[in-house]
Amino acid sequence: MATGLLFLLTEAAAIAGAVLYRPLLGAADGQLAQGADTRALLGVLCEVVLVAAVAGTAAALFPILRRHGEGLALGYAFGRLLEAAVIALGIVAVLALVTLRRGAGEAAGADVALVAVHDWTFLLGPNIALGLNTVLLAYLAYRARLVPRFIAVLGLVGGPLICASAVAVMFGAYAQLSVAGAAAALPVLTWELGLAGWLIVRGFGPGSGAAFRTDREVPDPAGVRR
């Protein structure tokens, strides 16, 4: 249940953070609107919660996932930590931007560079790293029957899709915050919400894979097959 709540927390914190500090990033004239710095700092706090929640999912899932593939479990854990680190770098860029724009005109051009740093970390962390981590976790969940197949398939489809979308954004095909970008992110969002709901309601543990065996075998109480 706790792991499911952490996944829900990552979604809520990511959305709240982006909404709160987006006006700061879009201040083309370098001037802060009234209260924009306070909103940005609240957004930063949301993203600090996001970093903690992302790292928390790695720590919470590793003991379970390692029973079904230690190498992949380690890859997922380190991938989530990398994702958290990239998000943290973006947080630092936002904080530096608040400082610069409070003293508008003192560092012309530096604020543009910080916006670019944030935007690249936003692409590399919550898109490429998230996509790769989604594929690892969804594959383990699919192989070990930790969740219903349709939930795992959402991750297996959504992970590569959001990575491909990030590459398209990188080469200028469309903006990350666009209809196409949102559509590409939808399967991953659905995967994380479905996974979170399953973990909260049912959870999974050392023997959970047995619950989704394709043959739906019922163990013989006597231990003898006739």
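Scroll up to find the structure.
Residues numbered from 1 in each chain as written. Predicted model: local features only at pLDDT ≥ 70, side-chain atom pairs only at ≥ 80, totals over all residues. Heavy atoms only, no water.

K.L.:
Tell me what's going on with the overall build of the protein, and back it up with residues and numbers.
P.N.:
The secondary structure content of the protein amounts to six helices and zero strands. Listing the helices and strands of the protein from first to last along the sequence gives α-α-α-α-α-α. With 226 residues in all, the protein has 43% of them scored as buried. For the protein, long-range pairs separated by at least 24 residues make up 75% of all intrachain contacts whose partners lie at least 6 apart in sequence. Counting only carbon and sulfur atoms, one obtains 71% of the accessible surface of the protein, whose full area is about 11,200 Å². (Helix = DSSP H or I, 4+ residues; strand = E, 2+ residues; numbered from the N terminus. Buried < 20%, exposed > 50% of the residue type's maximum accessible area, 1.4 Å probe, protein only. Contact = heavy atoms within 4.5 Å. Areas by Shrake-Rupley, 256 points an atom, 1.4 Å probe, with all protein chains shown as cover.)

K.L.:
Outline the layout of surface pockets, supporting the account with residue identities and numerical values.
P.N.:
The volume enclosed by the largest pocket comes to roughly 800 Å³. Taken together, 36 residues make up the lining of the largest pocket; nearest its centre are A14, I15, F122, P126 and A185. Residue assignment for the lining of the largest pocket shows that the elements contributing at least two residues are α1 (2-25), α2 (36-65), α3 (70-102), α4 (110-143), α5 (149-170) and α6 (179-201). For the lining of the largest pocket, the class distribution of residues is 21 nonpolar, nine polar and six charged. Approximately 200 Å³ is the volume found for the second largest pocket. Taken together, R22, D119, W120, F122, L123, V169, M170, A175, Q176 and L177 make up the lining of the second largest pocket. Mapped onto the lining of the second largest pocket, the elements with two or more residues apiece are α4 and α5. With four residues, α4 is the single largest residue contributor to the lining of the second largest pocket. Here the residues of the lining of the second largest pocket are counted per class, giving seven nonpolar, one polar and two charged. (1 Å grid on protein atoms, 1.4 Å probe; cavity = no way out; pocket = protein on both sides within 12 Å on 5 of 7 lines; lining within 4 Å. Points joined across faces, edges and corners; volume = space filled by probe spheres on them. Nonpolar A, V, L, I, M, F, W, Y, C, P; charged D, E, K, R; others polar.)

K.L.:
Describe the pattern of salt bridges, listing the residues and the values that go with them.
P.N.:
One pass over the full model with this rule turns up two salt bridges. As a salt-bridge pair, E70 and R66 come within 3.2 Å of each other at their nearest N and O atoms. A relative accessible area of 41% means that E70 is categorised as partly exposed. Looking at R66, the relative accessible area reads 39%, which means it is partly exposed. Between E83 and R80 there is a salt bridge whose closest N-O contact spans 3.0 Å. (Salt bridge = Lys/Arg side-chain N within 4 Å of Asp/Glu carboxyl O.)

K.L.:
Outline the nonpolar core, supporting the account with residue identities and numerical values.
P.N.:
F7, L65, L137, V147 and L195 are the most contacted members of the largest nonpolar core, which has 22 residues in total. Mapped by element, the contributors of at least two residues to this core are α2, α3, α4, α5 and α6. With five residues, the top contributor of residues to this core is α6. Discounting chain neighbours no more than four positions away, the residues touching F7 are T57, L61, Y76, R80, L137, E192, L195, A196 and L199. Among the nonpolar cores identified, the runner-up in size contains 18 residues, and A40, A84, I87 and V115 belong to it. (Core = buried A, V, L, I, M, F, W, Y, C linked by side-chain atoms within 4.5 Å.)

Such coordinate-based values are descriptive only and should not be taken to indicate function.
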